[in-house]
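Inside the fold
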Amino acid sequence: MNAPDPAAQTLTIEYLDDDGQVQRVEQLRGSHFTLRVSGEAAAFLAPPQGREADAPPPATAPSAPAPHRAWLIALALYGIYALLSSLDVWVEYNPDNNPPNYVIMALGITAALALWAALWSLFSKIFAKHANYWQHVSIVLAAGIALTVAASTMHFLSFSLSWRVLGRIDNLTLLATLGLMMWAHLRLIVPPTRGRPLGWSVLALTLLGLALLMWTNHRRQGSVLDTLHTAHLYRPALQLTTAEPSSDFFSRARALEAPLKAQADEVEPGEDPVDSDDD
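Presented here is an overview of the structure given in this document. Predicted, not measured: the structure shown is a model, and the values here were computed from it.

The rules behind these values
- Residues numbered from 1 in each chain as written.
- Predicted model: local features only at pLDDT ≥ 70, side-chain atom pairs only at ≥ 80, totals over all residues.
- Heavy atoms only, no water.
- Salt bridge = Lys/Arg side-chain N within 4 Å of Asp/Glu carboxyl O.
- Helix = DSSP H or I, 4+ residues; strand = E, 2+ residues; numbered from the N terminus.
- Buried < 20%, exposed > 50% of the residue type's maximum accessible area, 1.4 Å probe, protein only.
- Contact = heavy atoms within 4.5 Å.
- Patch = residues over 30% accessible without salt bridge, like charges linked within 9 Å, V, L, I, M, F, W, Y side chains within 5 Å.
- Areas by Shrake-Rupley, 256 points an atom, 1.4 Å probe, with all protein chains shown as cover.
- Axes fitted to C-alpha atoms, helices over the stretch in contact; angles between N-to-C directions.
- Parallel < 35°, antiparallel > 145°, perpendicular 65-115°, else oblique.
- Left-handed = near helix turned anticlockwise from the far one by under 90°.

Bringing the pattern of salt bridges into the picture now. For the structure on display, the rule yields 1 salt bridge. Glu257 is paired through a salt bridge with Lys261; the nearest N and O atoms lie 3.4 Å apart. Residue Glu257 and its partner Lys261 are located together in helix α7 (residues 257-265), separated by 4 residues, close to a single helical turn.

Moving on to the environment of Phe159. Here Phe159 shows up in helix α3 (residues 133-160). We classify Phe159 as buried; its relative accessible area is 9%. Note: C-alpha distance between Phe159 and Leu233 (74 residues apart in sequence) is 6.5 Å. Phe159 has contacts with Arg164, His232, Leu233, Tyr234, Arg235, Leu238 and Gln239, leaving out every residue within four places of it along the chain.

A cluster of nonpolar residues, Phe156, Leu157, Leu161, Trp163, Val165, Leu238 and Leu240, forms a patch on the protein surface that exposes about 620 Å² of accessible area. Assignment of secondary structure puts Leu238 in the loop between α5 (195-221) and α6 (246-255).

Let us now look at the packing of helix α2 (residues 102-128) against α3. Between α2 and α3, the least distance of the axes is 8 Å, while the angle of their chain directions is 135 degrees. Relative to α3, α2 is oriented oblique. Taken as a pair, α2 and α3 cross one another with a handedness that is right-handed. Judged by residue contacts, Leu113, Ala114, Trp116, Ala117, Ala118, Trp120, Ser121 and Ser124 of α2 engage Tyr133, His136, Val137, Val140 and Leu141 from α3.

Take a look at the structure:
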């Protein structure tokens with residue numbers, strides 16, 4: 001009879017049910033153990049001698065929030081987005097224009113958000129086997145809240161600090177937010193192991209879209225920004241920088257006369273020359 005190895009250790013494995021009660025116990029003896037856990041496996045092998053054990057869920061399976069919790073989160077985000085949108089409409093209201101139908105506008109925005117989330121939920125159901133509708137709704141609302149806050153902050157800083165660039169990049173900011181929102185949607189669909197390649201792909205696509213938009217702006221109006229000037233004005237008391245003297249403004253305006261006449265005299269292919277002296 002062989003003497004027991006003094007270096008041998010005992011590994012005890014207990015199988016528990018959903019209530020935490022021990023259903024089966026196994027003991028392994030040896031000096032070296034290797035534990036391999038597969039994240040792809042859906043269940044463990046059935047126990048020997050016909051005894052069954054409850055198979056735990058995969059170790060890497062994402063834990064989705066409860067349906068009622070996801071619904072409450074989406075409802076809270078919708079309330080915040082509605083409040084911010086109402087405040088933004090109130091600030092931007094122009095009494096010279098006809099007042100819009102706020103009921104139709106609110107229903108249209110709500111329908112657009114629901115349809116967008118339903119489309120991504122369909123993709124999620126097809127590829128990930130889980131619709132995650134309320135999670136997709138929360139992503140859309142969170143992106144809308146972030147975009148509204150960012151745009152309002154940029155417009156205010158552009159006016160108060162005379163940083164005009166912040167008031168001329170609305171479309172660029174919208175495109176960047178859209179890319180971030182698409183990445184968040186795809187994170188709910190693709191496996192976690194493909195998250196990094198997915199992020200780089202969405203980033204490259206977003207940068208390409210920004211470059212094309214800036215090139216289009218430059219071709220159309222000679223500036224890579226969205227507009228030639230910012231159109232957001234607030235009360236003069238919120239202006240934190242000193243006003244520019246009118247003499248300096250008109251001096252710079254007169255300096256632009258010669259370049260503008262030179263550009264007006266340029267003739268594009270297919271256009272008839274126009275004599276600027278006749279104007």
